[in-house]
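Take a look at the letters that make up each chain.
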Amino acid sequence: MIFFPFIQSNETSETQNRLLIKQVKYLYWQASLIVTFSPLLSVFIVMTLWQFADQEILLFWLSIQLIHSIIWDYFRRYYYKHDALSIDINVIILHYKKIFIMGSTVGLLYGLTIPLFWNELPMEGILILCLVLTGLNISPLLGNAISYPVYLFVPIFTFTPIAIKSMLIGGYFWFLTVLCITGIIGFLLYAKRFSKTFNENFYLRIQNEILAQNLQKEKENIEKVSRAKMQFLAAASHDLRQPLQAQRMLAESIKMQTKNSELSQLSEQMMTSQLSMQSMLDSLLDISRLDAGIIKQNPVSISLHHLFDNLAHEFEPLAKKKDLNFYVHWPPQDAVARCDLGLIESIIRNLLSNAIRYTNKGSVMLAIRKRKHYWRVEIRDSGIGISQEKQSVIFEEFKQLHNSERDRSKGLGLGLSIVKRLCQLLNYQLTLYSRHERGSVFSFTIPIEADASEKIHNDITHEINIESLTNISFLLIDDLFEIREALSKAFLNYGLLIRTCATLNEAIAMTKTKVPDIIIADYRLVNEENGWDVIIALRELTGIKIPAVILTGDTEPEKLVLLESTSCPILHKPISMDKLLNTIMQIKS
């Protein structure tokens, strides 16, 4: 019953169903005009014919027209109330059949007016009615031509009775028969073209909707896979951080306690190996923090010379290990910029690490140049370079161009992705110029500090005064025995005593015995307990806001958001004793 000649044979039924749904929706909208216009036209016809025709037949015809309009309006209202959002094709086909019947019968009702009242009407009245019926077929009923089958019988039922009547009378009325037949053919041809054009527009819109939905599904699938990947990596990262934490503390303890140079060197190698793994895990942490949206800018005035000095001391030894020259194009001693110190250090560190990692001979340079309104920071290397067609790929997560052997010293392929996202966060313009086998230049711009009188902020590490901690009572809550043992030994090496436990109940029992001065709590504990809840419970128990540090191996974005909402310093495993003691000194002060 439904014809879509412009749809190719290989099109899915979904496309045809959607097109039918749109047709029905439009036809019911068109029906609102018809049910308003038709009764008014019917009353006009009755008033025109009142003096000439049988009034009882006129009133009967008018009542049929009004009932027809009421039924059509009921169908329309029912559709909008119950089925306007339906995608059940059987329901839509039922509504289509109703529209087809109502549209066809309205043409028949109007077409019967002239044959019914032919003998009573003068020629002028017949011609006027013919003009009215012609106008009726043009508007608003022509709007139904969006569906050719619905409109098909409207002109046929309207003009066929007139054509038959005039043909039976004969004589000069033959011209009216010819006009009616010509009108039927003309209206149908025009309606067919109108229907095809209108539905092709609908069809293109539906194709765009299907394409957009498919793209959305693909996007959701990609995001789902990406989330699953990050959840797996976060879980793996958490599980790996736990033994690494114990390993780090044990290695530090061995180094502090032994006087054997060979054993001391072995512990040093253990920590170097552990730092390589920690670097990869920290890359996952940085990505997770970016995904969670918890990295916030904290712009301060910093000394660029001091920043470059710290970076030079950190990376020059790494370059020398590979027999590379490390050059610095120093900023002026008084050079000041306003930026987030931690984030800009992260950007430069990732770029310098990448430069040293992929440069086998030659040099690496850290440079800064002053332009009119900004500083331009550059990291140059004479390494393997990046071909033009691959320069956009290297900023993708887990993408490495020259690590087919999966050398762990080359990281996970997250460094440049982190750099790009941090630059976007800080609104820094990141650029890359590189030629294959000729080296690369990564650069980004930071605004020049406007108010040089503002206090200069440098990354200052608190000096660790062990003597000030000797009388401090520490309480560690961690569900892993290995970490509790390792931290206990590490604290003992510094002459510090620490009590350890695994659960909330054990922590409460120990606190009742002696209130700790500082709490160190792992975030994820057994039985769905967490360190923050333990800290809150102990504070409520004692009525004291006991200073606390939270240790965690979690890197899931959702967990990072929760951790950021606490009022405690967050340290991500594995951590060194220096970092832990430095944090303790900060919260103690």
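### As for the confidence of the model for the protein chain
Averaged over every residue, the pLDDT of the protein chain is 78; the share at 70 or more is 77%. Within the model, the stretch residues 1–11 combines pLDDT values under 50 with 21 contacts to residues more than four positions away or in other chains. Residue range residues 403–412 is modelled with pLDDT below 50. Its contacts to residues more than four positions away, or to other chains, number 19 contacts.

### Focus: the sheet that holds strand 12 (residues 570–572)
Reading across the sheet, the five strands line up as 9-8-10-11-12 and stay open at both edges, with parallel pairing between neighbours. Of all the strands in the sheet, just strand 9 (498–501) and strand 12 have a single pairing partner and so form its edges. Going from strand to strand, the sheet's axes swing by 20 degrees on average, the running direction of each strand aside. Against the sheet, helix 13 (residues 504–513) makes contact with strand 8 (474–477) and strand 9, and its axis sits at roughly 145 degrees relative to strand 9, the strand it touches most. Most of the contacts of helix 16 (residues 577–588) go to strand 11 (residues 548–552), to which it runs at about 150 degrees, and overall it touches strand 8, strand 10 (518–522), strand 11 and strand 12.

### Focus on unusual backbone geometry
With a phi angle near 60 degrees, D323 is a residue other than glycine that sits in the positive phi range. Counting through the fold element by element, D323 comes out in the loop between helix 9 (304–321) and strand 2 (325–329). Since its relative accessible area comes to 71%, D323 is described here as exposed. Even without being glycine, N427 reaches a positive phi, approximately 65 degrees.

### A word on the environment of S443
Among the structural elements, S443 can be located in strand 7 (residues 439–447). Owing to a relative accessible area of 1%, S443 belongs among the buried residues under this scheme. Residues in contact with S443, not counting those within four places in the same chain, are R376, V377, E378, Q429, L430 and T431. Of note is the side chain of S443, whose polar atom sits 3.0 Å from the side chain of R376. A distance of 2.4 Å separates the side chain of S443 from the side chain of T431, its partner in a polar contact.

### Brief notes about the sheet that holds strand 4 (residues 363–370)
If you walk across this open sheet you meet the five strands as 2-4-5-7-6, and the pairing is mixed. Either end of the sheet is taken by a strand with one partner, and the two such strands are strand 2 and strand 6 (430–435). Strand-to-strand twist in this sheet, taken as the mean axis angle between neighbours without regard to direction, amounts to 10 degrees. Pairing analysis gives eight bridges linking strand 5 (residues 374–381) to strand 7, with the strands arranged antiparallel. Bridge assignment links W375 to a residue of strand 7, and that residue is I446. Against the sheet, helix 9 makes contact with strand 2, strand 4, strand 5 and strand 7, and its axis sits at roughly 175 degrees relative to strand 2, the strand it touches most.

### Quick notes on the nonpolar core
Formed by 49 residues in total, the largest nonpolar core has its most connected members in V24, I45, L49, I114 and I162. Looking at this core, the elements with two or more residues in it are helix 1 (13–49), helix 2 (55–83), helix 3 (89–111), helix 5 (123–138), helix 6 (148–169) and helix 7 (174–257). Per element, the largest residue contribution to this core is twelve residues, and it comes from helix 1. Grouped together as the second largest cluster of nonpolar side chains are 43 residues, L324, A337, L366 and W375 included.

### A few points about the pairing of strand 11
A large share of strand 11 lies buried, amounting to five of its five residues. Alternating positions in strand 11 separate into two faces, A548, I550 and T552 on one and V549 and L551 on the other, with burial throughout. Relative to strand 11, strand 10 is paired through four bridges, and the arrangement is parallel. What sits directly across from A521, in strand 11, is I550. Once the chain exits strand 10 it traverses helix 14 (residues 531–542) before rejoining the sheet at strand 11, and the crossover so formed is right-handed. Sheet analysis places strand 11 next to strand 12, joined by three bridges and oriented parallel. In the sheet register, L551 faces strand 12, and the bridge partner there is L571.

Reading guide: rules and limits
- Residues numbered from 1 in each chain as written.
- Predicted model: local features only at pLDDT ≥ 70, side-chain atom pairs only at ≥ 80, totals over all residues.
- Heavy atoms only, no water.
- pLDDT = per-residue confidence, 0-100.
- Contact = heavy atoms within 4.5 Å.
- Pairing = 2+ DSSP bridges.
- Helix = DSSP H or I, 4+ residues; strand = E, 2+ residues; numbered from the N terminus.
- Axes fitted to C-alpha atoms, helices over the stretch in contact; angles between N-to-C directions.
- Buried < 20%, exposed > 50% of the residue type's maximum accessible area, 1.4 Å probe, protein only.
- Polar contact = N/O pair within 3.5 Å; in protein donor to acceptor, adjacent residues only side chain to side chain.
- Core = buried A, V, L, I, M, F, W, Y, C linked by side-chain atoms within 4.5 Å.
- Right-handed = clockwise from strand over helix to strand, strands pointing away.

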